[in-house]
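Take a look at the letters that make up each chain.
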Amino acid sequence: MSILIVDDEKEILENLRRHFELEGIKVHIAGNGDEAIRIQREKLCPVVLTDIRMPGMSGSDLVLEIKKIHPTCIVFAMTGYGTLMGMVECLGNGAADYFFKPFEHTSEIVSQVKEALLRNQRWMKELKSLQIDKNQQNQ
Amino acid sequence: MRVLIVDDESELRELIVEYLLEESLFDSNQVRTAADGEEGFAIFQEFQPQLIVTDILMPRMTGPEMIEKIREWSSEPEIIVMTGHDDIDTVVSLFKYRVFEFIRKPFNYEELTQVVKRCKKNFDLQQENELYKKQLIEAEKMSSIGLLAAGVAHEINNPNTFVKGNFELLIRLWPTIQKLINDCRVTSPNGDQGPDSQVLFLSENFEKICKAGINGADRISRIVSSLLNLSRSGSHTQEVVNIANALTESIELTRFKAKNVRLEVQFPEERTSAQGNKQDLVQVFMNLIINAVDALESVPNEGAHLKIWVEFDPMRNAQRIWFEDNGHGIPENLRERVFEPFFTTKEVSAGTGLGLSIAKSHIEKWGGRIGHQPSKNGGTGFWIELPDASERKEVYVDTHRR
């Protein structure tokens, strides 16, 4: 089980990575949208956490791209603006939820991500069983 | 407007005062008289009149001599000079002292009151102008702070995120560190000598240190978000707000902070509503409650008292919400300044100094007013006035109904 975190602030990436790794969740990190897409194509992480404002591709465009690669991926957005600026677009593009930086409690984000991972696992299982059913019907 | 009348003829002085009072241009305590220039100048210094009506020829010190001395002190008061027939040279010499008007003696009642009325109108306009200038500067200040805040919020929030996040990480790791320390102690050959003093210090203080770091980061983010609030004031739409609901919500949200204060709330009737914005109004109420609670900190337990009530002012067609505490009050020299952005008397850690200036900007936007006055019990009574929007109980017939 691994997740992808995207932010142009290296220290935030490192800090979040440590929080997740303490919980046994493997973390891939990317400093911008292009790098994130490259990693996501290869790793297909079920959960992605992304900043909104980054040099190059914006967070909300990234959400769109990630959803194209992997429609069941659950994406969370983070913003340091302290306002909902850019957030509506992001949610419209398919982000599941958003967090304001600095986080009220980082542990809450960790638990939200864990919950999303479980949800994704469940989806995958259901999807698989549906496929099995379909294959059986076809036979 | 304060007026000083200087003339050596006591009858004329009295007559002028009578004229002015009769026209109810002034209250009787706003008018003073003097019998010559010297007395006039002495009263000017102490009474600081905004209008001086003076004769020219007087014993001891003449009118022009007095005017010259007054103008050395202040260019502010308006001056009206009463002249005789042969005073042309004097009149010309007085032009440089900015005289509002010359009235030729003998004058009649109508002449004098017209000139004074004109002068008073002029003065009122100037005052109004000053007020607008002040408001403009204030608005300018607020909006530049807001712009600045919106610009830097992101830059501050980002580093603040990992400052806080790293302290949280350390707290999470603390049990592991503690375990390590204990293990070391057990296996250490000189474990029986008791723990090293620095290790002891670490055990006692590690969590506190991390929490202090988190508190600091939280404080920074609170300041940033109130600054952002300031810049956003204006984006929330105006609506009809039920005062009782807003009050209940703000009391609920401040309950923890106000747990040592005896709260006496006279809730308004369910229908009492005003113009505003619910979310912002709750914030404004919360600010006032928190300020009162802070002011009550020095009051010994059980004695602290905050009274909140709502009254309708039919003259202004407004709902007035009062927050009266029996705390330490606001020192007289600071009363004017409480609405200035960044002005705070609280310890640096406690307040941002923005609560009341945000409140003021919200309330004025809704067409209301905010103010305060010392309360009878030594504390402070803050009031908010909002345009009334209550549904009246009277049933009226809608003539447009089809």
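Placed above this text is the structure.
Residues numbered from 1 in each chain as written. Chains lettered and ligands numbered in written order. Predicted model: local features only at pLDDT ≥ 70, side-chain atom pairs only at ≥ 80, totals over all residues. Heavy atoms only, no water.

S.K.: How would you summarise the overall build of chain A if you had to cite specific residues and measurements?
M.R.: Across its full length, chain A holds five helices and five strands. In chain A, the succession of α and β elements from N to C terminus is β-α-β-α-β-α-β-α-β-α. Across the 139 residues of chain A, 45% fall into the buried class. In chain A, once contacts between residues fewer than 6 apart in sequence are set aside, the share between residues at least 24 apart is 64%. Accessible surface, chain A as shown: approximately 7,200 Å² in total, 51% of it carbon and sulfur. (Helix = DSSP H or I, 4+ residues; strand = E, 2+ residues; numbered from the N terminus. Buried < 20%, exposed > 50% of the residue type's maximum accessible area, 1.4 Å probe, protein only. Contact = heavy atoms within 4.5 Å. Areas by Shrake-Rupley, 256 points an atom, 1.4 Å probe, with all protein chains shown as cover.)

S.K.: How would you sum up helix α1 (residues 10-22) of chain B? Please name residues and give values.
M.R.: Residue and element names in this part refer to chain B. Between its first and last C-alpha atoms α1 spans 18 Å; for 13 residues at 1.5 Å apiece the expected length is 18 Å, and the two agree. Looking at α1, one finds that the buried residues are Leu12, Arg13, Ile16, Val17, Tyr19 and Leu20. Seen along its axis, α1 keeps its buried residues to an arc of 160°; they face one direction. Turned more than 90 degrees away from the buried face of α1 sit Glu11 and Glu22, all of them exposed. Count one or two residues on from α1 and you reach Ser24, which has phi positive near 40°. (Expected span 1.5 Å × (residues − 1). Arc of directions from axis to C-beta.)

S.K.: Let's hear about the interface of chain B and chain A: which residues, and what values?
M.R.: Between chain B and chain A, the residue contacts involve 18 residues of the former and 19 residues of the latter. Of the roughly 1,800 Å² buried where chain B meets chain A, counting both sides, 54% is carbon and sulfur surface. For the pair chain B and chain A, the interface holds two salt bridges. Inspection of the region where chain B meets chain A yields 14 residue pairs in polar contact (both at pLDDT 80 or more). Contributions of two or more residues to the side of chain B that touches chain A are made by α5 (109-187) and α6 (197-232) of chain B. If one sorts the elements of the side of chain B that touches chain A by residue count, α5(B) sits on top with 15 residues. Here the side of chain B that touches chain A is built from residues that sort into five nonpolar, eight polar and five charged. (Buried area = accessible area lost by both parts, 1.4 Å probe. Salt bridge = Lys/Arg side-chain N within 4 Å of Asp/Glu carboxyl O. Polar contact = N/O pair within 3.5 Å; in protein donor to acceptor, adjacent residues only side chain to side chain. Nonpolar A, V, L, I, M, F, W, Y, C, P; charged D, E, K, R; others polar.)

S.K.: So what's going on with the sheet that holds strand β1 (residues 3-6) of chain B? Which residues, and what values?
M.R.: All names here are of chain B. Within the open sheet, the five strands sit side by side as β2-β1-β3-β4-β5. Their pairing is parallel. Here the strands that pair on one side only, and so sit at the sheet edges, are β2 (31-34) and β5 (101-104). Strand-to-strand twist of the sheet, defined as the mean angle between neighbouring strand axes without regard to direction, takes the value 15°. Each of β1, β2 and β3 (51-54) touches helix α2 (residues 37-47); the most contacted strand, β2, lies at about 150° to it. (Pairing = 2+ DSSP bridges. Axes fitted to C-alpha atoms, helices over the stretch in contact; angles between N-to-C directions.)

S.K.: Lay out the sheet that holds strand β12 (residues 380-387) of chain B with the relevant residues and their values.
M.R.: Residue and element names in this part refer to chain B. What the five strands build is an open sheet, ordered β7-β9-β10-β12-β11; its pairing is mixed. Both edges of this open sheet fall to β7 (262-266) and β11 (369-374), since each of them pairs with a single strand only. For this sheet the average axis-to-axis angle between neighbouring strands, irrespective of direction, equals 15°. Sheet topology places β11 next to β12; six bridges connect them, and they run antiparallel. Bridge pairing in β12 places His372 opposite Phe382.

S.K.: Please give an account of the packing of helix α2 (residues 33-43) of chain A against helix α3 (residues 59-69) of chain A that cites residues and values.
M.R.: Residues and elements named next belong to chain A. As a packed pair, α2 and α3 sit with axes 10 Å apart at the nearest point and diverge in direction by 15°. In terms of orientation, α2 lies roughly parallel with respect to α3. In this structure, α2 meets α3 at a crossing whose hand is right-handed. For the pair α2 and α3, the contacting residues are Gly33, Ala36, Ile37, Gln40 and Arg41 in the first and Leu62, Glu65, Ile66 and Ile69 in the second. Here the residues of the contact of α2 with α3 sort into five nonpolar, two polar and two charged. (Parallel < 35°, antiparallel > 145°, perpendicular 65-115°, else oblique. Left-handed = near helix turned anticlockwise from the far one by under 90°.)

S.K.: Quick one: what's the story with the pattern of salt bridges, residue by residue and with numbers?
M.R.: Applying the stated rule across the entire model yields 28 salt bridges over all chains. One salt bridge in this structure joins Glu155(B) and Arg53(A), with 3.1 Å as the shortest N-O distance. A residue pair is termed interchain when its members come from two chains, as with Glu155(B) in helix α5 and Arg53(A) in the loop between β3 (47-51) and α3. Classification of Glu155(B) as partly exposed rests on a relative accessible area of 44%. One salt bridge in this structure joins Asp55(B) and Lys105(B), with 2.9 Å as the shortest N-O distance. With Asp55(B) in the loop between β3 and α3 (63-73) and Lys105(B) in the loop between β5 and α5, the pair connects residues that are 50 residues apart, well separated along the chain.

S.K.: Now, about the nonpolar core: what can you tell me, with residues and values included?
M.R.: Residue and element names in this part refer to chain B. Residues Phe285, Leu306, Ile308, Ile321, Phe323, Ile384 and Leu386 are the most contacted members of the largest nonpolar core, which totals 38 residues. Listed by contribution, the elements that provide at least two residues to this core are α7 (243-254), α8 (278-295), β9 (305-313), β10 (318-325), α9 (355-365) and β12. Top contributing element to this core by residue count: α8, with nine residues. Look past the residues within four positions of Phe323 in its chain and what remains in contact with it is Leu247, Phe285, Leu288, Ile289, Leu306, Lys307, Ile308, Thr380, Gly381, Phe382 and Ile384. The next biggest cluster of nonpolar side chains, apart from the first, holds 22 residues, and it includes Leu12, Leu20, Phe107 and Leu112. (Core = buried A, V, L, I, M, F, W, Y, C linked by side-chain atoms within 4.5 Å.)

S.K.: So what's going on with the side chain of Gln319(B)? Residues and values would help.
M.R.: Residue and element names in this part refer to chain B. Inspection of the secondary structure assignment puts Gln319 in strand β10. Reaching out from Gln319, the side chain makes a polar contact with the side chain of Asp388 at a distance of 2.7 Å. Beyond its immediate sequence surroundings of up to four residues, Gln319 is in contact with Ile243, Thr272, Ser273, Ala274, Val310, Glu311, Phe312, Ile384, Glu385, Leu386, Asp388 and Ser390.

S.K.: So, the packing of α2(B) against α3(B): which residues are in play, and what are the values?
M.R.: Residues and elements named next belong to chain B. Where α2 meets α3, the axes come as close as 9 Å, and the angle between the chain directions of the two elements is 20°. Our classification of the angle between α2 and α3 gives roughly parallel. Here α2 and α3 pass one another in a crossing that is right-handed. Of the residues in α3, those in contact with Gly37, Gly40, Phe41, Phe44 and Gln45 of α2 are Met66, Lys69, Ile70 and Trp73. In terms of residue class, the contact of α2 with α3 is made up of five nonpolar, three polar and one charged.

Such coordinate-based values are descriptive only and should not be taken to indicate function.
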